[in-house]
Amino acid sequence: MQILVAYRGTNVGKDLLNLATQHARAFGGKVQLVTSLPGGEKTTKAIVVEAEENLAEAEKFLEEQGIQHESHLLIRNRTAGEDIVAFAAEKSCDEIIIGVKSRSKVGKILFGRTAQHIILKADCPVVSVK
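Heads up: these notes are all about the structure in this document.

Rules used throughout
Residues numbered from 1 in each chain as written. Predicted model: local features only at pLDDT ≥ 70, side-chain atom pairs only at ≥ 80, totals over all residues. Heavy atoms only, no water. Helix = DSSP H or I, 4+ residues; strand = E, 2+ residues; numbered from the N terminus. Rg over C-alpha atoms; globule rule 2.2 N^0.38 Å. Buried < 20%, exposed > 50% of the residue type's maximum accessible area, 1.4 Å probe, protein only. Areas by Shrake-Rupley, 256 points an atom, 1.4 Å probe, with all protein chains shown as cover. Lys, Arg positive; Asp, Glu negative; His and termini not counted. Charge placed at Lys NZ, Arg CZ, Asp CG, Glu CD. Axes fitted to C-alpha atoms, helices over the stretch in contact; angles between N-to-C directions. Left-handed = near helix turned anticlockwise from the far one by under 90°. Contact = heavy atoms within 4.5 Å. Nonpolar A, V, L, I, M, F, W, Y, C, P; charged D, E, K, R; others polar. 1 Å grid on protein atoms, 1.4 Å probe; cavity = no way out; pocket = protein on both sides within 12 Å on 5 of 7 lines; lining within 4 Å. Points joined across faces, edges and corners; volume = space filled by probe spheres on them. Disulfide = S-S within 2.5 Å. Pairing = 2+ DSSP bridges.

### Side note on the overall build of the protein
Here is step 1: Helix and strand counts for the protein come out as four helices and five strands.
Here is step 2: If you list the helices and strands of the protein from N to C, you get β-α-β-α-β-α-β-α-β.
Here is step 3: Scaling as 2.2 N^0.38, a compact globule of 130 residues should have a C-alpha radius of gyration of about 14 Å, and the protein matches this with 14 Å.
Here is step 4: Put simply, the protein has 130 residues, and 43% of those count as buried.
Here is step 5: A total accessible area of about 7600 Å² is found for the protein, and carbon and sulfur atoms account for 49% of it.
Here is step 6: Averaged over its 17 positive side-chain charges, the protein has a centre that lies 8 Å from the centre of its 16 negative ones.

Listed below in structure tokens is the structure:
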């Protein structure tokens, strides 16, 4: 089983990793840890360094848990949603785990643009963590 975790290193990131660990253990899965950056002027060296550090911390956690994994920093001139969906298809992922932000009552009606794109366009089940 291939489990893609869309990881940004935010507070919800630990919850994503815990859930991915549970699923990997239960189903004998491998975690594909993915951070997507847009590229171009929006992606500074500082942002890339921060993303690499966040991925390294997540990798350390998965290693300590004994979970087979790979990490990927994607800078492919796509939106994060497009990039995650495309990468999941490329790796034949069986599940995508994403984080969603807490929102106001009105904001709860719709997910954020990235989460909504992934949920609607992915070829596999998507699990969202708040």
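### Description of the packing of helix α1 (residues 12-27) against helix α2 (residues 45-64)
Here is step 1: Following both chains from N to C, one finds α1 and α2 inclined at 35°, their axes separated by 11 Å at the closest point. Note on packing geometry: the crossing formed by α1 with α2 is right-handed. Between α1 and α2, the residues in contact are Leu17, Asn18 and Thr21 and Ala58, Phe61 and Leu62, respectively.
Here is step 2: Tallied by class, the residues present in the contact of α1 with α2 amount to four nonpolar, two polar and no charged.

### What about the layout of surface pockets?
Here is step 1: Taken as a whole, the largest pocket holds about 830 Å³ of empty space.
Here is step 2: The wall of the largest pocket is formed by 32 residues, among which Arg8, Ala80, Gly99, Lys101 and Thr114 lie closest to the centre.
Here is step 3: Only α1, β2 (30-37), α2, α3 (80-90), β4 (95-99) and α4 (113-121) provide two or more residues apiece to the lining of the largest pocket.
Here is step 4: Here the residues of the lining of the largest pocket sort into 15 nonpolar, ten polar and seven charged.
Here is step 5: By volume, the second largest pocket amounts to about 180 Å³.
Here is step 6: Broken down by secondary-structure element, the contributors of at least two residues to the lining of the second largest pocket are α1 and α2.
Here is step 7: Among the elements that make up the lining of the second largest pocket, the one with the highest residue count is α2 (five residues).

### Some details on the state of the cysteines
Here is step 1: Summed over the entire model, instances satisfying the criterion amount to zero disulfides.
Here is step 2: In this model Cys93 remains outside any disulfide bridge; the closest cysteine sulfur is found in Cys124, 6.3 Å from its own.

### Looking at the sheet that holds β4
Here is step 1: Taken in spatial order, the five strands make up an open sheet running β3-β2-β1-β4-β5, and their pairing is parallel. Each having just a single partner strand, β3 (69-75) and β5 (126-129) make up the two edges of the open sheet. Sheet twist, expressed as the average angle between the axes of neighbouring strands with direction ignored, equals 20°.
Here is step 2: Summarising the sheet, strand β1 (residues 2-6) and β2 pair through five bridges and their orientation is parallel. Paired with Val5 across the strands is Leu33, a residue of β2.
Here is step 3: Here α3 sits on the sheet and contacts β1, β2, β3 and β4; the angle it forms with β2, its principal contact strand, is near 150°.
Here is step 4: Sheet strands touched by α4: β4 and β5. Its angle to β4, the strand with the most contacts, is close to 165°.

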